[in-house]
Amino acid sequence: MGKLIISENELRYIKNLYNGLLFEQAENDGRLRIDFGADFQQGKYDVKSLNVTEVYKKLEPLKKFFSDNEGGDIKLYIESSESNSTPPPGMKDGDLSKYRLQTIKSVVEGWLNKSIPDWKNNATIEEYVVKPEERQEKYTRGVDKATDPKYLADQYVYMEVGVDQTLKPLQSKTPTLPKKGYGYIRPGIQIEPFGDNEISLECNQFYLTKGDGVKAGPEQNFIGFDRIINIGEGSGSLDLTLDPLSIPDRFVVYNAANNQPILDTQWMGFINDRHIYELKKLKDNYKDAPAFNVLDFTGLKGKGKYKVKSPSKIANTTQKYAGFLGMGIALETGYDYDNPEIVKGLRKTKGEPQTFKIQKTNDLTKLRIIVYSPLEETMFKVKISCLSNEPESIVNN
């Protein structure tokens with residue numbers, strides 16, 4: 001018996017037929033299943049490589065589904081997988097399926113925001129990237145061929161929509177719907193505060209610096225973090241969430257291609273009189289340091305730092321005991337200003353993370369984030385959302 005040779009286009013056609021059957025099965029079961037895998041160009045993941053017009057057509061049945069299930073607890077479950085064959089150049093195993101999922105989720109959210117504006121009232125999106133050990137077919141480099149039809153089963157991106165809390169994928173060998181908490185924002189991805197290599201965007205996940213802190217002195221120009229993050233191609237908007245974790249830091253975001261500033265948070269955090277004193281001292285001692293060029297203490301009045309003969313805990317006080325005096329009274333350090341609100345260059349928060357919206361164009365593919373962090377015990381975290389809204393080419397149509 002001779003060998004059957006199947007072209008790439010034929011493979012995609014077969015896969016479409018297979019997923020069409022699954023789509024019909026899902027509809028008969030009261031659920032929707034939409035396949036997106038064949039809408040990407042081979043080995044690609046970004047919006048430019050996606051047939052967005054076709055994706056929008058596939059999403060149209062959601063309008064009726066939401067209407068028929070008004071008030072129900074709707075789940076949109078997106079799952080992505082790739083084969084165990086050699087990943088595309090420049091990617092690690094798992095990158096392709098992860099990035100494709102992010103792209104599809106972004107396009108789906110953009111479509112929902114436009115077509116069903118109140119969709120978030122009763123719907124949530126959950127996601128899952130299939131792990132290498134969960135794939136059906138093994139691959140041995142130099143022995144197996146990546147074009148073998150058997151790898152089709154592991155190459156897909158699909159979305160299943162239903163109102164059942166126990167909603168599960170239809171393919172029997174793929175994982176069931178993740179339990180609550182799985183696939184959501186992890187506590188944080190630890191990364192080095194400095195490095196020449198770019199960081200690939202892990203959208204909607206916090207970045208944390210490795211180590212016990214990121215305090216930086218004059219020898220580092222008071223910079224505790226300086227990294228470039230590749231945010232990919234396409235256009236729309238990104239939410240940049242910056243959290244100084246109470247002790248103030250200054251975040252400055254640049255377009256890495258031309259080093260033009262996009263965002264400057266100034267000195268942001270749960271700022272008290274002690275922090276003002278420390279920043280003023282740094283400004284006085286390092287007048288030319290770029291870190292402090294937004295600060296202006298003109299007109300500031302008050303005692304600043306002072307000693308208090310009291311063992312009690314007071315606001316804006318560090319418990320630095322100088323030892324006991326003859327009467328057994330401890331010395332504490334206090335900080336007090338009459339008009340701290342006059343200081344320019346501060347952004348006072350209540351300790352919560354602050355989110356800033358960045359309008360992304362096709363030309364903006366990399367962000368450079370610099371964090372000035374000169375104060376003791378400071379730490380921070382950064383989160384960038386997935387790209388939302390429709391691609392620029394679609395918006396302009």
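Residues numbered from 1 in each chain as written. Predicted model: local features only at pLDDT ≥ 70, side-chain atom pairs only at ≥ 80, totals over all residues. Heavy atoms only, no water.

**Student:** With reference to specific residues and values, describe the sheet that holds strand β1 (residues 32-35).
**Tutor:** Across the sheet, which stays open at both edges, the four strands sit in the order β1-β4-β2-β3 with mixed pairing between neighbours. Lying at the two open borders of the sheet, with one neighbouring strand each, are β1 and β3 (123-129). Strand-to-strand twist across the sheet, computed as the mean angle between neighbouring axes with direction ignored, equals 15°. Bridge analysis of strand β2 (residues 74-81) against strand β4 (residues 156-162) gives seven bridges, and the strand direction is antiparallel. Bridging from a neighbouring strand, Glu79 pairs with Tyr158 of β4. Sheet strands in contact with helix α4 (residues 95-115) are β2, β3 and β4, and its direction is about 150° off that of β2. (Pairing = 2+ DSSP bridges. Helix = DSSP H or I, 4+ residues; strand = E, 2+ residues; numbered from the N terminus. Axes fitted to C-alpha atoms, helices over the stretch in contact; angles between N-to-C directions. Contact = heavy atoms within 4.5 Å.)

**Student:** Outline helix α3 (residues 61-68), listing residues and values.
**Tutor:** Of all the residues in α3, the buried ones are Leu62, Phe65 and Phe66. All buried residues of α3 project into a common sector of 95° when viewed along the axis, lining one side. (Buried < 20%, exposed > 50% of the residue type's maximum accessible area, 1.4 Å probe, protein only. Arc of directions from axis to C-beta.)

**Student:** An account of the pattern of salt bridges is requested, with residue identities and associated values reported.
**Tutor:** Throughout the structure, instances matching the rule amount to 12 salt bridges. The salt bridge partner of Asp239 is Lys357, with a shortest N-O separation of 2.8 Å. Within this pair, whereas Asp239 is found in strand β9 (residues 236-243), its partner Lys357 is found in strand β16 (residues 354-360), the two being separated by 118 residues in sequence. The salt bridge involving Arg274 is made with Glu278; its shortest N-O contact spans 3.0 Å. Of this pair, Arg274 and Glu278 both sit in helix α5 (residues 273-285), four residues apart, which is roughly one turn of that helix. Among the residues examined, Glu278 registers a relative accessible area of 19% and is labelled buried. Shared partners join several salt bridges into a network, and the residues in it are Lys92, Asp95 and Lys98. (Salt bridge = Lys/Arg side-chain N within 4 Å of Asp/Glu carboxyl O.)

**Student:** Could you give an account of the nonpolar core, naming the residues involved and the relevant values?
**Tutor:** Core analysis: the largest hydrophobic core is formed by 29 residues, its most contacted members being Phe36, Leu59, Leu62, Phe66, Leu76, Leu112 and Met159. Elements that contribute at least two residues to this core include exactly β1, α2 (52-59), α3, β2, α4, β3 and β4. Element by element, the count of residues in this core is highest for α4, at six residues. The contacts of Phe66, once residues within four sequence positions are left out, are Ile74, Leu76, Leu112, Ile116, Trp119, Asn122 and Ala123. Within the second largest apolar cluster, 27 residues are counted, among which are Val214, Ile229, Val253 and Met268. (Core = buried A, V, L, I, M, F, W, Y, C linked by side-chain atoms within 4.5 Å.)

**Student:** How would you summarise the packing of α3 against α4 if you had to cite specific residues and measurements?
**Tutor:** Orientation of α3 relative to α4, taken along the N-to-C sense of each, is 60°, at an axis distance of 11 Å. For the element pair α3 / α4, the angle class is oblique. Remark: the crossing between α3 and α4 carries right-handed chirality. Here Leu62, Lys63 and Phe66 of α3 come into contact with α4, specifically with Trp111, Leu112 and Ser115. Within the contact of α3 with α4, the residues separate by chemical class into four nonpolar, one polar and one charged. (Parallel < 35°, antiparallel > 145°, perpendicular 65-115°, else oblique. Left-handed = near helix turned anticlockwise from the far one by under 90°. Nonpolar A, V, L, I, M, F, W, Y, C, P; charged D, E, K, R; others polar.)

**Student:** Describe the sheet that holds strand β17 (residues 366-372), naming the residues involved and giving the relevant values.
**Tutor:** Adjacent strands of a sheet form backbone hydrogen bonds with each other and so pair up, either parallel or antiparallel. Taking strand neighbours across the sheet as the criterion, the six strands line up as β6-β8-β17-β10-β11-β15 in an open arrangement whose pairing is mixed. Looking along the sheet, the strands with just one partner apiece sit at the ends: β6 (199-200) and β15 (346-348). The pairing of β6 with strand β8 (residues 223-230) spans two bridges and is classified as parallel. Its bridge partner being in β8, Ser200 is matched across the sheet by Asn230.

**Student:** How would you sum up the packing of α2 against α4? Please name residues and give values.
**Tutor:** Between α2 and α4, the least distance of the axes is 11 Å, while the angle of their chain directions is 55°. With respect to their mutual orientation, α2 and α4 come out oblique. For the pair α2 and α4, the sense of crossing is right-handed. Of the residues in α4, those touching α2 at Val52, Val55, Tyr56 and Leu59 are Val107, Val108 and Trp111. Of the residues in the contact of α2 with α4, the class split is seven nonpolar, no polar and no charged.

**Student:** Please give an account of the environment of Tyr45 that cites residues and values.
**Tutor:** Note that Tyr45 resides in the loop between β1 and α2. Remark: the alpha-carbon pair of Tyr45 and Thr103, spanning 58 residues in sequence, is separated by 7.0 Å. Aside from chain neighbours lying at most four places away, what touches Tyr45 is Phe40, Met91, Leu96, Tyr99, Arg100 and Thr103.

**Student:** Before we move on, can you summarise the packing of aromatic side chains with the specific residues and values?
**Tutor:** With the rule as written, the count across this model stands at seven aromatic pairs. Considering the side-chain rings of Tyr277 and Tyr335, the 5.4 Å spacing of their centres and the 50° angle between planes classify their relative orientation as tilted. Of this pair, Tyr277 sits in helix α5 while Tyr335 sits in strand β14 (residues 331-336), placing them 58 residues apart in sequence. On the basis of relative accessible area, Tyr277 is assigned to the partly exposed category, the value being 22%. What makes Tyr335 buried here is its relative accessible area of 5%. Every member of this aromatic cluster is reached through a ring pair, and the members are Phe222, Trp267, Tyr286 and Phe292. We note Lys303 situated over the ring of Tyr306; from NZ or CZ to the ring centre the distance is 3.7 Å. The side chain of Arg368 reaches across the aromatic face of Tyr254, ending 6.0 Å from its centre. (Phe/Tyr/Trp six-rings, centres within 6.5 Å; stacked < 30°, edge-to-face > 60°. Lys NZ or Arg CZ within 6 Å of the ring centre and 35° of its normal.)

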